[in-house]
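Summary of structural features
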Amino acid sequence: MKIDVLDQGSVELLDKMGSDLTTVESARVSFLRGAAELGDRERRLIRYLAEHEHTSPFRHAMLMLRFKAPLFVARQLWKHIVGITPEFDLENRFSGFDGGFKDTGWNEASGRYVELQDEFYIPQTWRAQSASNKQGSAGEVADQVQAAAAYRQGLESAYAAYRHLRELGVAKEQARIVLPQSIYTQWIWTGSLQAFLHVVDLRTKPDAQWETQQYGLAVRTILETFFPVCLEKWVARANATH
């Protein structure tokens, strides 16, 4: 399953393990019980787990996704590999949010190893700075044509400089630093169902950057296809607490 995002990006499901029933099985093992099918009782159990933040049963199903996204989107999503799941010691005392490093895997294309191609995200609309939100946007700038021309000029100049540095013999790992954050990168990201539910939680909100929202929505579409009950109950819990 592959979903196109932005002008040249995508999110692709490479592999998965488990289903909605996996969460039920993981919860019921506490009572040495299981589940043969997903009925009303099982749906109510998933709802209960989500509403009461019993999150560990959501960590047993896994997804392996391949992303192609602008670098600035990748760096926003990178934050989700840290602090996704809390850590507790043997006495069940909270010990920090280091779990993300253990529960997710992220392997990205490296500009140290490969020549970077001139694939850049080209916005269709240039948004204006929000007057009330320092990190957000609101409306559109008046002169779309000039904004697009300035952006295109910057991209062409930056990539020309990159190519020239390479022709001069400058190492790939150093020449790449002249390139802008809009250059496309790719990575494979493996994580628990809970990890990607958390991505949907935060990155589909209206105050998330629009470009990153599109990747959050793509992840949500994949979860809707393969984990519909878990997603429904998780989102309902999130909406109820906001």
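For the structure, check the block above.
Source: prediction; values computed, not measured. Throughout, residues of each chain are indexed from 1 in the direction in which the sequence is written. Local features in this predicted model are restricted to residues of pLDDT 70 or higher, and side-chain atom pairs are both shown and tallied only at a pLDDT of 80 or more, whereas totals for entire chains, interfaces and linings draw on every residue. Think of the side-chain values as coming from all heavy atoms in the structure, minus any hydrogens and water.

1. Regarding the pattern of salt bridges
For clarity, the threshold we go by: Whenever a carboxyl oxygen of Asp or Glu lies within 4 Å of a side-chain nitrogen of Lys or Arg, that contact is scored as a salt bridge. To qualify as a helix, a DSSP run of H or I must reach at least 4 residues; to qualify as a strand, a run of E must reach at least 2; elements of each kind are numbered from the N terminus. Relative accessible area decides the class of each residue, using a 1.4 Å probe on protein chains only: under 20% of the type maximum gives buried, over 50% gives exposed, and in between gives partly exposed.
Evaluated as defined, the whole model comprises nine salt bridges. Across the salt bridge formed by Glu173 and Arg112, the nearest N and O atoms sit 2.8 Å from each other. With Glu173 in helix H6 (residues 172-175) and Arg112 in the loop between strand E6 (104-108) and strand E7 (127-129), this pair connects stretches of sequence that are 61 residues apart. Classification of Arg112 as partly exposed rests on a relative accessible area of 45%. Among the ionic pairs, Arg166 bridges to Glu115, the shortest N-O distance being 2.8 Å.

2. Overview of the packing of aromatic side chains
In plain terms, the rule: A pair of aromatic rings is counted whenever rings of Phe, Tyr or Trp (Trp by its six-membered ring) have centres within 6.5 Å, and the orientation is called stacked for planes under 30 degrees apart, edge-to-face for over 60 and tilted otherwise. Counting as a charge over the ring demands two things of the Lys NZ or Arg CZ atom: a distance within 6 Å of the ring centre and an angle within 35 degrees of the ring normal.
Evaluation of the coordinates by the stated rule reveals twelve aromatic pairs. For the ring pair Phe120 and Tyr159, a centre distance of 6.1 Å and an interplane angle of 80° mean the geometry is edge-to-face. Taken together, the positions of Phe120 in the loop between E6 and E7 and Tyr159 in helix H5 (residues 144-167) put the pair 39 residues apart, joining distant regions of the chain. A relative accessible area of 7% places Phe120 in the buried class. Their ring planes at 35° and their centres at 5.6 Å tell us that Tyr159 and Tyr162 sit as a pair that is tilted. Taken together, the positions of Tyr159 and Tyr162, both in helix H5 and three residues apart, correspond to about one turn of that helix. Each member of the pair Tyr159 and Tyr162 is classed as buried. Feature note: the residues Phe67, Trp78, Trp106, Trp187, Trp189, Phe196 and Tyr215 constitute an aromatic cluster, connected by ring pairs. Stacked on the ring of Tyr184, the Lys or Arg Lys68 has its end atom at 5.7 Å from the ring centre. Above the plane of the ring of Trp234 lies Arg237, whose end atom (NZ or CZ) is 4.5 Å from the centre.

3. What about unusual backbone geometry?
Within the chain, Leu6 stands out as a residue other than glycine whose phi angle is a positive 55°. Inspection of the secondary structure puts Leu6 in the loop between strand E1 (2-5) and strand E2 (9-17). Looking at Leu6, the relative accessible area reads 24%, which means it is partly exposed. We note that Glu53 has phi near 55°; this positive angle belongs to a residue other than glycine. In this fold, Glu53 is placed in the loop between helix H2 (40-51) and strand E3 (62-70).

4. Structural notes on the packing of helix H7 (residues 193-203) against helix H8 (residues 210-226)
How we decide: Every axis in this analysis is a line fitted to C-alpha atoms, fitted for helices over the stretch in contact. Angles between the N-to-C directions lie between 0 and 180 degrees. In this scheme, roughly parallel covers angles under 35 degrees and roughly antiparallel covers those over 145, while 65 to 115 is roughly perpendicular and the rest are oblique. If you view the pair so one helix is near and one far, a crossing is left-handed when the near helix is turned anticlockwise from the far one by less than a right angle, and right-handed when it is turned clockwise. Residue contacts follow a heavy-atom distance rule, with two residues in contact if any of their heavy atoms lie within 4.5 Å. When residues are sorted by character, Ala, Val, Leu, Ile, Met, Phe, Trp, Tyr, Cys and Pro go into the nonpolar class, Asp, Glu, Lys and Arg into the charged class, and all the rest, Gly among them, into the polar class.
Two numbers describe how H7 lies on H8: the axes approach to 9 Å, and their chain directions differ by 135°. When the axis of H7 is compared with that of H8, the two are oblique. By crossing handedness, the relation of H7 to H8 is classed as left-handed. On H8, the residues that touch Leu193, Phe196, Leu197, Val200 and Arg203 of H7 are Thr212, Gln213, Gly216, Val219, Arg220 and Leu223. When its residues are assigned to classes, the contact of H7 with H8 shows six nonpolar, three polar and two charged.

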